[in-house]
Number of protein chains: 2
Amino acid sequence: MEIKVLRNVLEANDAIAAENRRLLRERGVYTLNLIASPGAGKTTLLERTLDALKAEYRIAVIEGDIAGSTDAQRIGRHGVPVVQINTGGDCHLNASMVRSALESLPLEEIQLLFVENVGNLVCPAGFDIGEDAKVVILSVAEGDDKPEKYPLIFERSSAMVLNKIDLLGMVDFELDRARATARATHPDLPIFELSARKGEGLEGWLGWVREQIGRHSNS
Amino acid sequence: MEIKVLRNVLEANDAIAAENRRLLRERGVYTLNLIASPGAGKTTLLERTLDALKAEYRIAVIEGDIAGSTDAQRIGRHGVPVVQINTGGDCHLNASMVRSALESLPLEEIQLLFVENVGNLVCPAGFDIGEDAKVVILSVAEGDDKPEKYPLIFERSSAMVLNKIDLLGMVDFELDRARATARATHPDLPIFELSARKGEGLEGWLGWVREQIGRHSNS
């Protein structure tokens with residue numbers, strides 16, 4: 001009984017996600033779903049990425065949080081359209097929440113949409129919201145064993161950002177171990193090591209985003 | 001329909017949690033449920049706490065993870081009984097998982113039980129497992145805005161450990177803001193600032209644990 005209902009919930013979500021995906025593709029919007037633990041640096045990475053790319057692309061952001069709108073306020077300062085979703089307790093965004101947010105965005109004018117999911121390394125991995133790709137952000141402060149302990153999100157992500165590398169040496173984190181465990185789950189996963197706070201090492205990540213958009217507009 | 005089933009799941013969980021609580025109290029076991037984001041330092045805090053308290057109390061540990069047993073291996077090295085639960089995808093422990101684990105522990109011989117929940121600042125807050133108290137651990141690397149964004153766990157915890165204070169100054173974190181937002185959600189919440197990795201500042205936390213056990217055995 002329980003399983004059946006949960007499966008229905010997932011199926012309903014997948015149907016709405018497919019509609020979101022169709023709508024976004026029709027409008028020529030490339031969408032990245034950013035997923036990470038609380039405090040891994042999603043918003044800071046997003047701020048740096050906006051500053052680097054907003055002259056090249058027309059960008060919008062959907063912010064997902066349990067409560068509050070501090071992230072949307074931070075993003076709003078960068079001069080791009082932003083919509084805040086409050087899940088009111090849910091541990092992830094779902095396709096229906098994202099559909100409502102899409103209605104508030106000028107999709108015709110947007111080429112690149114970032115969705116910052118609820119801070120959680122578990123639940124968001126299981127819910128398609130209609131994105132083109134998931135990106136997992138891991139902070140070195142979280143430890144190098146996370147891909148082993150939370151495999152699904154590393155499996156389902158198209159890229160991994162390893163953030164806060166300025167803290168290497170001050171925390172117990174071996175780069176080689178993190179890379180190896182991530183790639184044991186997801187061979188050939190692109191991994192970008194950077195410090196969003198310091199604004200260092202962003203080139204590889206920005207290049208990957210540009211490449212995805214290029215591929216998307218040619219497809 | 002969906003809501004009803006979810007409510008049934010919660011009610012069933014609460015009933016088993018009440019049984020766990022009765023069993024643990026009958027055996028004189030004081031139980032703490034440790035909750036935090038991935039990588040906030042739960043296991044390291046636990047290791048330091050075991051080393052400090054294992055001569056005073058007979059302690060056991062239940063480790064909750066999506067997958068893997070690296071944490072149970074770390075804890076096992078400290079010479080206390082430990083049981084690993086793998087949730088296989090679930091974002092939190094539930095009372096039924098904990099009940100199974102209790103069957104593998106020599107409860108008659110234990111005074112203090114730590115349950116390390118799945119790394120997640122959202123889901124574990126909603127599920128009673130039969131503990132005496134929840135403790136939330138926040139790392140300064142996660143940012144000072146977390147109590148605002150994830151209020152439930154701060155509301156429901158009996159104490160907060162602010163970990164990795166050795167990283168203050170290297171991350172954007174204002175102690176005053178973190179304290180204020182936590183206490184806006186939960187007035188008078190005891191907050192212990194420490195570095196589990198460096199083994200610094202543990203006295204307040206250890207004193208609080210001792211005090212809880214003392215109260216518990218007198219009640």
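Just above sits the structure.
Remember, predicted model here, so these are calculated numbers, not experimental data.

As for the pattern of salt bridges
Next, step 1: Throughout the structure, instances matching the rule amount to 38 salt bridges over all chains.
Next, step 2: We note a salt bridge from Glu26 of chain A to Arg27 of chain A, for which the minimum N-O separation is 3.5 Å.
Next, step 3: Residue Arg27 of chain A is classed as partly exposed on the basis of its relative accessible area, which comes to 30%.
Next, step 4: Here Arg27 of chain A makes a salt bridge to Glu108 of chain A, at a shortest N to O gap of 3.2 Å. Placement of the pair is Arg27 of chain A in the loop between α1 (2-26) and β1 (30-36) and Glu108 of chain A in the loop between α4 (95-103) and β4 (112-116), with a sequence separation of 81 residues.
Next, step 5: Linked by salt bridges that have partners in common, Asp65 and Asp71 of chain A together with Asp145, Lys146 and Lys149 of chain B make up one network.

Here's the deal with the nonpolar core
Nonpolar side chains in soluble globular proteins tend to be buried together.
Next, step 1: Formed by 48 residues in total, the largest nonpolar core has its most connected members in Met160 of chain A together with Met160 of chain B.
Next, step 2: The set of elements that each furnish at least two residues to this core consists of β5 (133-139), α6 (151-156), β6 (159-163) and α7 (175-185) of chain A together with β5 (133-139), α6 (151-156), β6 (159-163) and α7 (175-185) of chain B.
Next, step 3: With near-sequence residues (within four places) excluded, Met160 of chain B lies in contact with Val136, Leu138, Phe154, Ala182, Leu189, Pro190, Ile191 and Phe192 of chain B.

Quick word on the sheet that holds β6 of chain A
All names here are of chain A.
Next, step 1: The seven strands lie next to each other as β3-β2-β4-β1-β5-β6-β7, forming an open sheet whose pairing is parallel. Edge strands, defined here as strands with exactly one partner in the open sheet, are β3 (82-86) and β7 (191-193). Averaged over neighbouring strand pairs, the angle between their axes works out to 20 degrees when direction is ignored.
Next, step 2: Helix-sheet contacts for helix α2 (residues 42-53) involve β1, β2 (59-65), β4, β5 and β6, and the interaxial angle to β4 is about 170 degrees.
Next, step 3: Most of the contacts of helix α8 (residues 203-218) go to β1, to which it runs at about 145 degrees, and overall it touches β1, β4, β5, β6 and β7.

Digging into the interface of chain A and chain B
Next, step 1: Across the contact, 37 residues belong to chain A and 37 residues belong to chain B.
Next, step 2: Approximately 2,900 Å² of surface area, both sides summed, lies buried where chain A meets chain B, with 59% of it carried by carbon and sulfur atoms.
Next, step 3: Where chain A meets chain B, there are six salt bridges.
Next, step 4: As a salt-bridge pair, Asp172 of chain A and Arg197 of chain B come within 3.0 Å of each other at their nearest N and O atoms.
Next, step 5: Taken together, the links from chain A to chain B amount to 11 residue pairs in polar contact (both at pLDDT 80 or more).

Cut-off values and rules
- Residues numbered from 1 in each chain as written.
- Chains lettered and ligands numbered in written order.
- Predicted model: local features only at pLDDT ≥ 70, side-chain atom pairs only at ≥ 80, totals over all residues.
- Heavy atoms only, no water.
- Salt bridge = Lys/Arg side-chain N within 4 Å of Asp/Glu carboxyl O.
- Buried < 20%, exposed > 50% of the residue type's maximum accessible area, 1.4 Å probe, protein only.
- Helix = DSSP H or I, 4+ residues; strand = E, 2+ residues; numbered from the N terminus.
- Core = buried A, V, L, I, M, F, W, Y, C linked by side-chain atoms within 4.5 Å.
- Contact = heavy atoms within 4.5 Å.
- Pairing = 2+ DSSP bridges.
- Axes fitted to C-alpha atoms, helices over the stretch in contact; angles between N-to-C directions.
- Buried area = accessible area lost by both parts, 1.4 Å probe.
- Polar contact = N/O pair within 3.5 Å; in protein donor to acceptor, adjacent residues only side chain to side chain.

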